[in-house]
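Structural overview for review
Chain residues, written in single-letter form:
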Amino acid sequence: MAYKSINDLPEGLISQILLRLPVKSLLQCKSVCKPWLSLISTPHFIKSQLLHAIKASINTPKLLCIDKPPPTEEELAFEMRMVEMEKNFVTMIDNSDDDHDRQQRRRRQLVDQALLDAEGQDLSSSAVRFERLVFPRFFFPYYGVDDCCNGIVLLSNGFGNHVYFWNPSIRKCRKLPSPEQYTSRVDPVKKGFGYDSISDAYKFFRIVCEKMYDKVPIVQVYSTGTDSWREFRDPILKNYEDFDRRNVVVNGVLYFDGVDELISFDLHTEVFGQVPFPSWVTRKGSDVLDFEGSVAMVFQSGPEIHLWTLGDVSGQMSWTKKFSIEADSETEIWLTSYLGAGQFFGKKLFNEDLFMFNLLYDYRKKEYKFYKRRDKNIWAYLKYTETLVSLDGFEHVDSNTNNISLTGERRA
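Residues numbered from 1 in each chain as written. Predicted model: local features only at pLDDT ≥ 70, side-chain atom pairs only at ≥ 80, totals over all residues. Heavy atoms only, no water.

Looking at an unreviewed UniProt entry, one finds the chain named F-box domain-containing protein and attributed to Daucus carota subsp. sativus.

So this is what it looks like as structure tokens:
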């Protein structure tokens, strides 16, 4: 049967075609006709697009680099003054340097040039897609990029008491209600974010101390399902102090490094648990990772680093070594996230000069690809999946102004 136009196709076939389009194209398709607007806006289509995007990202993951917004005229003038001061300082140092200092500086220049050469490397064969966007000026510089789930990026201030859910693909965001404040000092210890598929709710939690030396901190959990916070304490978190480690969510459970073990947090039951590290581990080489749908960490012993995964074996949580990487004598490697398709994103550090550049490691091919020099204009980077996910209360955010356009709210 011949079809005269795309409108003659069955709705189910049109839906399957649209699901394979990028989010930007889907937003444009909303303007084509009312039936397409209605179809793309349905909760069923949005969920189907999310599942399709997650599946596609396994083989073609995306690394999203979020750039700082362009500087204002005042910021440019200040930056020019700082550059001029730095030049004058370097000139003064040059006049007083001895040969050893000049050799050290020349060595740094050579390393810097090597990083620039690495930046130009052709990555056309890489399965990873690299995209950039500009961080909305409304949030800069008071909000950091903490995490991402289903296309929703978590933005928060340092204390985690001012939080936004932001979907950059559809340029919309939502501010969470602030948690209850205490009259005494509140120290943020940990922030976490994930999706509870059972209750169809996105949840954000922070672990805080009501007093400076609280042994058992307070856990505050916000859920989009109830649009409210709840608070409790858990003895598992007694004396927990490390808030710099990243989180990973696997099968509805959030994991983070508890120094001597992994701490788990079930996003549905909101219950904490503990998972011991392998008994022989003496040094960790990474934060907790998501490796092909499993919790993973890199441990180091001697000149090698080993990736181990955590899984359920006969009803018991058990660690299994997946592969090893030999680190050379001049460098150490931190694998900071798993991207998919055998690719890791991480950093390589020159120990003596502390020069970093980003890399990809393909564990199946056992090779590195250096792709980008550390860029001072990047505000954050993260593994990202484009989705149409929109939450109740989402409002349009303008990347070029200090406004959230629908409310007229301005940053204080």
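**What to know about the overall build of the chain**
Quick reminder of the rule: Helix numbers and strand numbers start at the N terminus; a helix is a DSSP run of H or I with at least 4 residues, a strand a run of E with at least 2. Remark: exposure states derive from per-residue accessible area (1.4 Å probe, protein chains only) relative to the maximum for the residue type, with buried under 20%, exposed over 50%, and partly exposed in between. Any two residues having at least one pair of non-hydrogen atoms within 4.5 Å are treated as being in contact. Computed by Shrake-Rupley with a 1.4 Å probe, the accessible areas treat only the displayed protein chains as cover when residues are assessed.
Each helix and strand in the chain was counted, giving six helices and 27 strands. Within the chain, the proportion of its 412 residues that are buried is 43%. Of all intrachain contacts in the chain linking residues separated by at least 6 positions in sequence, the fraction that spans at least 24 positions is 53%. As displayed, the chain has an accessible area near 22500 Å², and 52% of this comes from carbon and sulfur atoms.

**Focus: the packing of aromatic side chains**
Heads up, the rule is: Note on aromatic contacts: the rings of Phe and Tyr and the six-membered ring of Trp form a pair at centre separations within 6.5 Å, being stacked when their planes are under 30 degrees apart, edge-to-face when over 60 apart, and tilted otherwise.
Applying the stated criterion across every chain yields a total of 24 aromatic pairs. An angle of 90° between the planes, with centres 6.1 Å apart, marks the rings of F205 and F272 as edge-to-face. Of the two residues, F205 is situated in strand β8 (residues 201-209) and F272 in strand β14 (residues 272-276); the sequence distance between them amounts to 67 residues. Consider the rings of F291 and F323, whose centres lie 6.2 Å apart with planes at 50°: the pair is tilted. Placement of the pair is F291 in strand β16 (residues 289-291) and F323 in strand β19 (residues 316-326), with a sequence separation of 32 residues. Under the relative-accessibility criterion, F323 is labelled buried at 12%. The rings of F135, F138, F139, F140, Y143, Y164, W166 and W379 are connected pair by pair, giving a single aromatic cluster.

**Describing unusual backbone geometry**
Residue F140 is joined to P141 through a cis peptide bond whose omega torsion reads 0°. If you check the backbone angles, R171 has positive phi at about 55° while not being a glycine. Position of R171 among the secondary structure elements: in the loop between β5 (163-167) and β6 (172-175). The phi torsion at E270 lies on the positive side, around 60°, for a residue other than glycine. Relative to the elements of secondary structure, E270 occurs in the loop between β13 (261-266) and β14.

**Examining the sheet that holds β13**
Applicable threshold: Pairing between strands requires that DSSP locate at least two bridges from one strand to the other. Here the axes come from fitting lines to C-alpha atoms, over the contacting stretch only for helices, and the angles between their N-to-C directions go from 0 to 180 degrees.
Read from one edge of the open sheet, four strands run β11-β12-β13-β14, paired in antiparallel fashion. The open sheet has two edge strands with one neighbour each: β11 (247-250) and β14. Direction aside, the axes of adjacent strands within the sheet are offset by 30° on average. Bridge analysis of β11 against strand β12 (residues 253-257) gives four bridges, and the strand direction is antiparallel. Across the sheet, residue V250 finds its bridge partner in β12, namely V253.

**A few points about helix α4 (residues 43-59)**
The line we're drawing: Expected span of a helix, by definition, is 1.5 Å for each gap between consecutive residues, and there is one gap fewer than residues. Along the arc lie the directions from the helix axis toward the C-beta atoms.
Helix length check: α4 (17 residues) gives 26 Å between terminal C-alpha atoms against 24 Å at 1.5 Å per residue, within 8%. Restricting attention to buried positions, one finds in α4 the residues F45, I46, Q49, L50, A53 and S57. All buried residues of α4 lie within an arc of 140° about the axis, which places them on one face of the element. Projecting away from the buried face of α4 at angles above 90 degrees are the exposed residues H44, L51, K55 and N59.

**A word on the nonpolar core**
Note the threshold: For this analysis, a nonpolar core means a set of buried residues of the types Ala, Val, Leu, Ile, Met, Phe, Trp, Tyr and Cys, connected via side-chain atoms within 4.5 Å.
Of all hydrophobic cores here, the largest spans 29 residues; its most connected members are L18, F45, F165, Y202 and L388. For this core, the secondary structure elements donating two or more residues are α1 (11-19), α2 (23-29), α3 (34-41), α4, β4 (152-156), β5, β7 (187-196) and β8. Once residues within four sequence positions are removed from consideration, F45 is found in contact with S15, L18, L19, L26, L39, I40 and L388. By size, the runner-up hydrophobic cluster in this structure holds 16 residues, among which are Y164, W166, C173 and Y384.

**Looking at the side chain of D196**
Heads up, the rule is: Between N or O atoms, a polar contact is any pair within 3.5 Å; within protein, one atom must be a potential hydrogen donor and the other a potential acceptor, and residues adjacent in sequence are included only when both atoms are from side chains.
With respect to the element layout, D196 can be found in strand β7. In this structure the side chain of D196 is engaged in a polar contact, spanning 3.0 Å, whose partner is the side chain of H268. Beyond its immediate chain neighbours, meaning those up to four positions away, D196 contacts A201, K203, L267 and H268.

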